[in-house]
Amino acid sequence: MEETLTLIQSQITGCRLCADRFAATETRHAPRPVVRPSTTARVLIVGQAPGARVHASGIPFDDRSGDRLRDWLGVDRATFYDQSRLAIVPMAFCFPGYRKGSDLPPPPICARTWRAGLMAAMPQIELILVIGQYAQGWHMGAEKKRTVTDTVRAWREYTPHLLPLPHPSWRNTAWLRRNAWFEEEVLPWLKAEVARLVGSPGR
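Nothing here was measured: the structure is a model prediction, and the numbers come from that model.

About the cut-offs
Residues numbered from 1 in each chain as written. Predicted model: local features only at pLDDT ≥ 70, side-chain atom pairs only at ≥ 80, totals over all residues. Heavy atoms only, no water. Helix = DSSP H or I, 4+ residues; strand = E, 2+ residues; numbered from the N terminus. Rg over C-alpha atoms; globule rule 2.2 N^0.38 Å. Buried < 20%, exposed > 50% of the residue type's maximum accessible area, 1.4 Å probe, protein only. Areas by Shrake-Rupley, 256 points an atom, 1.4 Å probe, with all protein chains shown as cover. Lys, Arg positive; Asp, Glu negative; His and termini not counted. Charge placed at Lys NZ, Arg CZ, Asp CG, Glu CD. 1 Å grid on protein atoms, 1.4 Å probe; cavity = no way out; pocket = protein on both sides within 12 Å on 5 of 7 lines; lining within 4 Å. Points joined across faces, edges and corners; volume = space filled by probe spheres on them. Nonpolar A, V, L, I, M, F, W, Y, C, P; charged D, E, K, R; others polar. Contact = heavy atoms within 4.5 Å. Phe/Tyr/Trp six-rings, centres within 6.5 Å; stacked < 30°, edge-to-face > 60°. Lys NZ or Arg CZ within 6 Å of the ring centre and 35° of its normal. Salt bridge = Lys/Arg side-chain N within 4 Å of Asp/Glu carboxyl O.

Asker: Would you explain the overall build of the protein in this entry?
Answerer: For the protein, the helix and strand inventory stands at 10 helices and 6 strands. Against the compact-globule benchmark of 17 Å for 203 residues, the protein has a radius of gyration of 16 Å, which places it among compact chains. Counting the 203 residues in the protein, one finds 48% classified as buried. Put simply, the protein shows about 10100 Å² of open surface, and 50% of that area lies on carbon and sulfur atoms. In the protein, the 27 positive side-chain charges and the 19 negative ones have mean positions that sit 5 Å from each other.

Next comes the structure, spelled out in structure tokens:
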């Protein structure tokens, strides 16, 4: 599996399927895939797509959203970026660009081209954290609810293999205040599972 995953990752690094699409956005940027698959990690984080800051740094969740996500998981930066312990494979690997100042959605062609092969090359994954509507749509299909809130509220229906999460963006702070059950019910389970599957920070 390691050779297969290495080959797929090499192909992804050279992918230019969306070059024309990105050149036509407000940012007029070139593709820069940011993806961290793993043949040993037991936890997979599935977000939407890199933002502008991640596009610049090449480091996934290298922003305030990442700080909040690491807090949810109960891990430090060293643990979070240890590819042998945590895999990070978003629905689209490149920053989609802006339209009228807002992030564009992840291009569907990315998942159609790469996702099935990547998932098949990571059979050891025991827990998939599915963040937001695009990740939940692909990984949950008809099992997801009408809204992200409804899907996350029904989290017990999907565990222990899948855990739906809202986006950790600071724009969702009001959502977190309105939905105190998320911090009270979901996060203790998440922290315990991550500690079991990944280990304690710095370990």
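Continuing now.
Asker: Teacher, can you tell me more about the layout of surface pockets here?
Answerer: Space left empty within the atom packing is revealed by a probe, the size of a water molecule, rolled over the atoms. By volume, the largest pocket amounts to about 1000 Å³. In terms of lining residues, the largest pocket is bounded by 38 residues, among which Gln48, Ser65, Asp103, His167 and Ser169 are the most central. Of all the elements in the fold, those that place two or more residues in the lining of the largest pocket are helix 3 (52-57), helix 4 (64-73), strand 4 (102-103), helix 7 (132-140) and helix 8 (148-153). Counting residues per element, the lining of the largest pocket draws most heavily on helix 7, at 4 residues. Its residues placed into classes, the lining of the largest pocket shows 21 nonpolar, 12 polar and 5 charged.

Asker: Sorry if this is basic, but what is going on with empty space enclosed by the protein here?
Answerer: A full pass over the atoms with the stated rule returns 1 cavity of 30 Å³ or more. By volume, the largest cavity amounts to about 110 Å³. Considering every element that reaches the lining of the largest cavity, the biggest residue donor is helix 6 (residues 108-120), with 3 residues. Class assignment of the residues belonging to the lining of the largest cavity gives a composition of 14 nonpolar, no polar and 1 charged.

Asker: Where do I start with the environment of Pro164 in this structure?
Answerer: As for its position among the elements, Pro164 is in strand 6 (residues 162-165). Pro164 sits in the buried class, given a relative accessible area of 0%. Sequence separation of Pro164 and Arg42 is 122 residues, and the distance between their C-alpha atoms is 16 Å. Once residues lying within four places of it in the same chain are set aside, the contact partners of Pro164 are Val130, Gln136, Met140, Thr151, Val152, Trp155 and Tyr158.

Asker: Sorry, what's going on with the pairing of strand 5 (residues 127-131) here?
Answerer: Every other side chain in a regular strand lies on the same face of the sheet, so the side chains alternate between the two faces. Of all 5 residues in strand 5, 5 are buried; the element is thus mostly enclosed. In strand 5, alternate side chains face the same way, and those of Leu127, Leu129 and Ile131 on one face and Ile128 and Val130 on the other are all buried.

Asker: What is the right way to read the packing of aromatic side chains from this model?
Answerer: Each aromatic ring pair is described using two quantities: the centre-to-centre distance and the angle formed by the ring planes. Tallied over the entire structure, the rule returns 8 aromatic pairs. Plain terms: the ring middles of Trp72 and Phe182 are 5.0 Å apart, the flat faces sit at 65° to each other, and that makes the pair edge-to-face. With Trp72 in helix 4 and Phe182 in helix 10 (residues 180-197), the pair connects residues that are 110 residues apart, well separated along the chain. For the pair Trp175 and Trp181, a centre-to-centre distance of 5.9 Å together with 75° between the ring planes defines the contact as edge-to-face. Taking the relative accessible area as the measure of exposure, Trp181 reaches 12% and is therefore buried. Taking NZ or CZ as reference, Arg64 lies 4.7 Å from the ring centre of Trp170, over its face. If you follow Arg70 out to its NZ or CZ, it ends over the ring of Phe80, 4.9 Å from the centre.

Asker: Looking at this structure, I do not really get the pattern of salt bridges. What am I missing?
Answerer: When the charged atoms of two side chains with opposite charge come close together, those side chains can pair. Enumeration over the complete set of coordinates arrives at 7 salt bridges. Between Asp67 and Arg70 there is a salt bridge whose closest N-O contact spans 3.0 Å. Taken together, the residues Asp67 and Arg70, both in helix 4 and 3 residues apart, mark about one turn of the helix. Between Lys145 and Glu157 there is a salt bridge whose closest N-O contact spans 2.9 Å. Placement of Lys145 in the loop between helix 7 and helix 8 and of Glu157 in the loop between helix 8 and strand 6 is noted, with a sequence separation of 12 residues between them.

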